[in-house]
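Structure at a glance
The residues making up each chain are set out below.
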Amino acid sequence: MEHLKLFSSVKNWLLDLEFNIQLENEEHQSFIIEKESEGIKNMMIVIAPQILIIEQFLFRCKNNQQDVHKQLLIKNRDIVHGAFVLDESGEKVIFRDTLQTENLDKNELIATLNSLSLLISEYSTEMISFSK
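In what follows, the accompanying structure is described. Bear in mind the structure is a predicted one, so any value in this text is a computation, not a measurement. (Residues numbered from 1 in each chain as written. Predicted model: local features only at pLDDT ≥ 70, side-chain atom pairs only at ≥ 80, totals over all residues. Heavy atoms only, no water.)

1. Regarding the packing of helix H2 (residues 65–76) against helix H3 (residues 106–130)
Two quantities define a packed helix pair, namely the angle between the helix axes and the distance between the axes. At a closest axis distance of 11 Å, the pairing of H2 and H3 adopts a crossing angle of 170°. Classified by the angle their axes make, H2 and H3 are roughly antiparallel. Residues Val68, Gln71, Leu72 and Lys75 of H2 lie in contact with H3, whose contacting residues are Leu119, Glu122, Tyr123 and Phe130. In terms of residue class, the contact of H2 with H3 is made up of five nonpolar, one polar and two charged. (Axes fitted to C-alpha atoms, helices over the stretch in contact; angles between N-to-C directions. Helix = DSSP H or I, 4+ residues; strand = E, 2+ residues; numbered from the N terminus. Parallel < 35°, antiparallel > 145°, perpendicular 65-115°, else oblique. Contact = heavy atoms within 4.5 Å. Nonpolar A, V, L, I, M, F, W, Y, C, P; charged D, E, K, R; others polar.)

If you want it as structure tokens, here you go:
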């Protein structure tokens, strides 16, 4: 899908899904979105060559990082779309998914967003404890 056409399509899908677009930058092919009822706040979506990158910061891991990292890796196995990842510092835990843009459709984007919402609703207690 052509870059500018894809940007427009993604924007329309997000609006159809009633996400608030906090920031959009067509030059950098990026969005910052939120839908607090789904637990999504300051989610970054970037259209890069051949992939759509979706990232949501979840929490900062403070103590007992090795055990937390192990628990997150175990939970990754249950996540249908996307995964827990760490930033370069090893402290910030982020939900991340990448989708191929060649045949991207609205349903694929919905699947990733729903996966994150479900993860947040099911795993929030553990994530809160990991951040303490």
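2. A closer look at the environment of Thr112
Residue placement: Thr112 occurs in helix H3. Taking the C-alpha atoms as reference points, Thr112 and Gly82, 30 residues apart in sequence, are found 6.6 Å from one another. With residues near it in sequence (within four places) discarded, Thr112 still touches Ile54, His81, Phe95, Asp97 and Leu99.

3. Let's talk about the sheet that holds strand S5 (residues 83–86)
The strands making up a sheet associate through hydrogen bonds between their backbones, and the pairing can be parallel or antiparallel. The strand order across the open sheet formed by six strands is S1-S2-S3-S4-S6-S5, and the pairing between neighbours is antiparallel. Across the chains shown, the open sheet's two edge strands, defined by having one partner strand only, are strand S1 (20–25) and S5. Strand-to-strand twist of the sheet, defined as the mean angle between neighbouring strand axes without regard to direction, takes the value 25°. Both strand S2 (residues 30–35) and strand S3 (residues 40–48) contribute to a ladder of five bridges, which runs antiparallel. Paired with Ser30 across the strands is Val46, a residue of S3. The strands touched by H2 are strand S4 (51–60), S5 and strand S6 (92–100); relative to S5, the strand with the most contacts, the crossing angle is about 150°. (Pairing = 2+ DSSP bridges.)

4. Looking at H2
The terminal C-alpha atoms of H2 lie 16 Å apart, and with 12 residues this matches the ideal 16 Å at 1.5 Å per residue to within 8%. Buried within H2 we find Val68, Leu72, Lys75 and Asn76. The arc that holds every buried residue of H2, seen down its axis, measures 105°, which confines them to one face. For H2, the exposed residues set more than 90 degrees away from the buried face come down to Gln66, Lys70 and Leu73. (Expected span 1.5 Å × (residues − 1). Buried < 20%, exposed > 50% of the residue type's maximum accessible area, 1.4 Å probe, protein only. Arc of directions from axis to C-beta.)

5. Regarding the pairing of S3
Where S2 folds back onto S3 in an antiparallel hairpin, the turn is made up of four residues, including Gly39, whose phi is positive at roughly 80°. For S3 and S4, the ladder comprises five bridges, and the chain directions are antiparallel. Bridged to Met44 within S4 is Glu55.

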